[in-house]
Amino acid sequence: MIPALAAFPVFTLLAILQTSIVSRVPLLQGTADLVLLVIIAWALQERVSTAWHWAVIGGAIIGLASSLSIYVPIISYLITTAATLLLRRRIWQTPLLAMFLTTLIGTLISHFATALSLSIAGTALPWAETLKLITLPSLFLNILLAAPIYAIVQDLADWLHPEEIKI
Amino acid sequence: MMNPKSKIPWPTLTLVLIAVGLVILALGGYLTPLSRLALSPVISTQTWVSERFQALRVYFTAPRDVNLVNQRNAELEAEVAHLQTQIIELQQQLGEFRILSALLDFARAYPEYQYVGASVIGRDPSPFVKYIHINRGSDDGLRRGMPVVTQQGLVGRISQITASAALVQLITDPSVTVNVRLEPTRAEAILSGSITGDLGLDMIPQDASIGAGELVLTSGLGGNYPPNILIGQVTGVRSQDYDLFQSASMQPVVDFANLEIVLVITNFQPVDLSPLIPTPSVP
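Conventions adopted
Sequence order sets the numbering: in each chain, residues are counted from 1 along the sequence as written. Chain letters and ligand numbers both follow the written order, the letters beginning at A and the numbers at 1. Residue-level local features of this predicted model are given only where pLDDT is at least 70; pairs of side-chain atoms are given and counted only at 80 or more, and the full residue set underlies all totals for whole chains, interfaces and linings. Contact between residues is assigned whenever the C-beta positions, reconstructed from backbone atoms, fall within 7 Å. Strands here are runs of E lasting at least two residues and helices are runs of H or I lasting at least four, both read from the DSSP assignment and numbered beginning at the N terminus. Residue classes follow a fixed rule: Ala, Val, Leu, Ile, Met, Phe, Trp, Tyr, Cys and Pro count as nonpolar, while Asp, Glu, Lys and Arg count as charged, and any other residue, Gly among them, counts as polar. Here exposure depends only on C-beta density: within 10 Å of a residue's C-beta, 20 or more other C-beta atoms make it buried, 12 or fewer make it exposed, and intermediate numbers make it partly exposed, the C-beta atoms being placed from the backbone. Boundary definitions for the domains trace back to an automatic or database domain assignment. Interaxial angles span 0 to 180 degrees and are taken between N-to-C directions of axes, which are lines fitted to C-alpha atoms, for helices over the stretch in contact. With respect to orientation, any angle under 35 degrees is reported as roughly parallel, any angle over 145 as roughly antiparallel, any angle of 65 to 115 as roughly perpendicular, and every other angle as oblique. One bridge is not enough; two strands pair if DSSP finds at least two bridges between them. Note: pLDDT gives the predictor's confidence per residue, expressed from 0 to 100.

Observations concerning the interface of chain B and chain A
- Each partner contributes to the interface: chain B provides 20 residues, whereas chain A provides 26 residues.
- Counting residues per element, the ones that place at least two in the side of chain B that touches chain A are β1 (115-123), β2 (131-134), β4 (154-161) and β5 (166-170) of chain B.
- When grouped by side-chain class, the residues that make up the side of chain B that touches chain A number nine nonpolar, nine polar and two charged.

Comments concerning unusual backbone geometry
Residue and element names in this part refer to chain B.
- With an omega of 15 degrees, the peptide bond running from glutamate 183 to proline 184 counts as cis.
- Mapped onto the fold, proline 184 is located in the loop between β6 (177-183) and β7 (188-192).
- Unlike most non-glycine residues, arginine 186 shows phi in positive territory, near 65 degrees.
- Within the fold, arginine 186 resides in the loop between β6 and β7.
- In this structure, asparagine 228 takes a positive phi of about 65 degrees despite not being glycine.
- In this fold, asparagine 228 is placed in the loop between β9 (215-218) and β10 (230-238).
- Given 12 C-beta atoms within 10 Å, asparagine 228 falls into the exposed group.

Digging into the domain arrangement of chain B
Residue and element names in this part refer to chain B.
- Looking at chain B, the domain boundaries give domain 1 (12-109) and domain 2 (115-269).
- Here the C-alpha centroids of domain 1 and domain 2 sit 65 Å apart.
- Contact residues are listed per partner, giving seven residues for domain 1 and eight residues for domain 2.
- Looking at the side of domain 1 that touches domain 2 residue by residue, the classes come out as six nonpolar, no polar and one charged.

Some thoughts on the packing of helix α3 (residues 34-43) of chain A against helix α4 (residues 51-65) of chain A
Residue and element names in this part refer to chain A.
- In the contact formed by α3 and α4, the axes pass within 9 Å of each other and the chain directions differ by 175 degrees. As judged from the angle between their axes, α3 and α4 are roughly antiparallel. Across from Val35, Val38, Ile39, Trp42 and Ala43 in α3, the residues of α4 making contact are Ala51, Trp54, Ala55, Gly58 and Ile62.
- Looking at the contact of α3 with α4 residue by residue, the classes come out as nine nonpolar, one polar and no charged.

A closer look at the sheet that holds strand β3 (residues 147-149) of chain B
Residues and elements named next belong to chain B.
- One closed barrel accounts for six strands, arranged β1-β2-β5-β4-β3-β12; its pairing is antiparallel. Going from strand to strand, the sheet's axes swing by 45 degrees on average, the running direction of each strand aside.
- Judged from the three bridges that link them, β1 and β2 form a sheet pairing that is antiparallel. Bridge pairing in β2 links glycine 122 to histidine 133.

A word on the confidence of the model for chain B
- Per-residue confidence for chain B averages 85 on the pLDDT scale, and 95% of its residues sit at or above 70.
- This complex was scored by the predictor with a pTM of 0.74 and an ipTM of 0.90.

A closer look at the sheet that holds β10(B)
Residues and elements named next belong to chain B.
- Judged by pairing direction, the barrel is antiparallel, and its six strands sit side by side in the order β6-β7-β8-β11-β10-β9 before closing back on the first. On average, each strand axis in the sheet is tilted by 40 degrees relative to the strand beside it, whichever way the strands run.
- Strand direction decides the pairing type here: β6 and β9, joined by four bridges, are antiparallel. Residue pairing for β9: valine 180 is matched across the bridge by threonine 218.

Next up, the structure:
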């Protein structure tokens, strides 16, 4: 229960950081997505069983802070979590590699979902330009931040899920 | 009877005479070369001894002085840091003052509007849309649809609002269209944003002879923005004979990447034209 509730302060703080700092330092037009990275890193932790909760809470908080429909980040984070959990079972021995791989997949999923929702809403998005100016720079920034965020989230997971010692 | 030998102290008298003679010679300047010659090695020796003594004294007293110097240095460095902090604070205040002064100039230039100043506190987390967060909301009298400007020109309009904050859709957002007028030709056009943040002009009549440098202002058509608010300047025109309309690229006057303080026009009531737009009737 506590690990699931911990998502609220964590994602609130991340949303503040995201809107006030990270979104103000774009690379071309792309920006890093701290919430996505934390959701991925959280889902990759072995003892964590609240990955779905974190995806919904993170998506809802970012949805509230964004002008996008609240469903877009929730759905994209849920799909990313599913992909992460799938990969966690496949490459559980090298979590950092899984982190990079899921960051790549998660960024693409998140951006595809956003672009699709905007296209459905009637916004003209040139796909090639979107990929070149938004998705690829965002992907680069996300990959750059993946390792430090994984380390921080691992510490957080160890703190919230202390290892049980069998006597 | 007195002993004559004991009355005249010859040695003393001789010494006195020699002394008097030397004094007279010295006063007369006759002994200067001799004294220079005699004093030179003495002075050299004294200088050498003095220097060594000074060196030794510095050697033994230096640690205490270095500590004092270090202490003083630390005090001065702290003072310098404090003064630098003050300079930075004053520069920030000066920057804010300049912005507020420019905003005041803008408000004076458009006295028909009422304004509420707001600070930009964030940007939309999604890089696909161009929105900013401001620190004023419905508690400050703001409402959805109110136009937002800076001292340079049009910024956008409020799209979502809470009690203490609002989300402003910038005119650079890809889903935005604004009815504009070009000056001095007075040609009407439609401004649209893009994902790159660039602004473009479409639907310019083919017969309008526009060129680079024309000013782009809001026309007021559509009821979403007040008229005559500056947006930017035309930088290039694309015109083909077979096209129905001309299009143009433009440079906004507002620096959307560095927005800090904005003004919300509170007495402009946007007009909702949607009930007037005919809908296809079902037979």
